[in-house]
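Each chain is listed here by its residues.
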Amino acid sequence: MNSGSCSSLMEVGYDHHHHGHEELHVLAVDDNLIDRKLVEKLLKISSCKVTTAENAIRALEYLGLGDQNQHIDALTNNNLKVNLIITDYCMPGMTGFELLKKVKQESSNLKEVPVVIMSSENIPTRINKCLASGAQMFMQKPLKLSDVEKLKCHLMKCRS
């Protein structure tokens, strides 16, 4: 009896129905620890794999786009494939908008990765600027679980 329930649990873990969709790997970038933890938690509830970065520079390094990081480029592309970058707009050093532009321009191998910009301020010109530069979506902070679910649904449609 016991072993039966154990194996059914295993099946749930593997989720046979979605062979085509490996779990989404999201890079979450935010200089605010509390916001970063919140985004991470919401994404994990939505069964995404999450890597966090506390600023855009760190995110670029992780993506293999840092100035001194050309040598780990191959590694990044093979093992750490990121399916989505979600970044705060206002960050010291380099804004989420600048991060977006770097991902979309200089690195042809990451151009296809959707970038979502978050901001606590709802400024239409800023939102339009980000969308015009290739952002997938602009989300108002604080993020809610429904936002993350909507985003995930949107991405799955794009990928399937």
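Above this note sits the structure.
Residues numbered from 1 in each chain as written. Predicted model: local features only at pLDDT ≥ 70, side-chain atom pairs only at ≥ 80, totals over all residues. Heavy atoms only, no water.

Caption draft 1: Representation of the overall build of the protein chain in the model. Along its length, the protein chain carries 7 helices and 5 strands. Secondary structure elements of the protein chain, listed N to C terminal, follow the sequence α-β-α-β-α-α-β-α-β-α-β-α. Per-residue burial for the protein chain yields a buried fraction of 41% across its 160 residues. The long-range fraction of contacts in the protein chain, counting pairs at least 24 apart against all pairs at least 6 apart in sequence, stands at 61%. As displayed, the protein chain offers around 9200 Å² of accessible surface, 56% of which is attributable to carbon and sulfur atoms. (Helix = DSSP H or I, 4+ residues; strand = E, 2+ residues; numbered from the N terminus. Buried < 20%, exposed > 50% of the residue type's maximum accessible area, 1.4 Å probe, protein only. Contact = heavy atoms within 4.5 Å. Areas by Shrake-Rupley, 256 points an atom, 1.4 Å probe, with all protein chains shown as cover.)

Caption draft 2: View of the pairing of strand β4 (residues 115–119). Taken across its 5 residues, β4 has 5 buried, putting it largely inside the fold. Where burial is concerned, the two faces of β4 agree: the one with Val115, Ile117 and Ser119 and the one with Val116 and Met118 are both buried. Where strand β3 (residues 84–88) lies against β4, 4 bridges are found, and the strand directions are parallel. Paired with Ile85 across the bridge in β4 is Val115. Pairing of β4 with strand β5 (residues 137–140) involves 4 bridges; the strand directions are parallel. (Pairing = 2+ DSSP bridges.)

Caption draft 3: The arrangement of the pattern of salt bridges in detail. For the structure shown, the criterion picks out 9 salt bridges. The residue Glu40 makes a salt bridge to Lys44 at a minimum N-O spacing of 3.0 Å. Pair noted here: Glu40 and Lys44 are both in helix α2 (residues 33–45), with a separation of 4 residues, about one helical turn. Among the ionic pairs, Arg58 bridges to Glu61, the shortest N-O distance being 3.9 Å. Taken together, the positions of Arg58 and Glu61, both in helix α3 (residues 56–62) and 3 residues apart, correspond to about one turn of that helix. Note on Glu61: relative accessible area 25%, which makes it partly exposed. Three or more residues joined by partner-sharing salt bridges are found here, namely Asp30, Asp35, Asp88 and Lys141. (Salt bridge = Lys/Arg side-chain N within 4 Å of Asp/Glu carboxyl O.)

Caption draft 4: Broad picture of the packing of aromatic side chains. Within this structure, the stated rule accounts for 0 aromatic pairs. Seen from the ring of Phe97, Lys129 lies directly overhead, with NZ or CZ sitting 4.3 Å from the centre. (Phe/Tyr/Trp six-rings, centres within 6.5 Å; stacked < 30°, edge-to-face > 60°. Lys NZ or Arg CZ within 6 Å of the ring centre and 35° of its normal.)

Caption draft 5: Structural context of unusual backbone geometry. Note the cis peptide between Lys141 and Pro142, where omega equals -5 degrees. Tracing the chain through its elements places Pro142 in the loop between β5 and α7 (145–159). Even without glycine at this site, Ser47 takes up a positive phi of about 50 degrees. Owing to a relative accessible area of 44%, Ser47 belongs among the partly exposed residues under this scheme.

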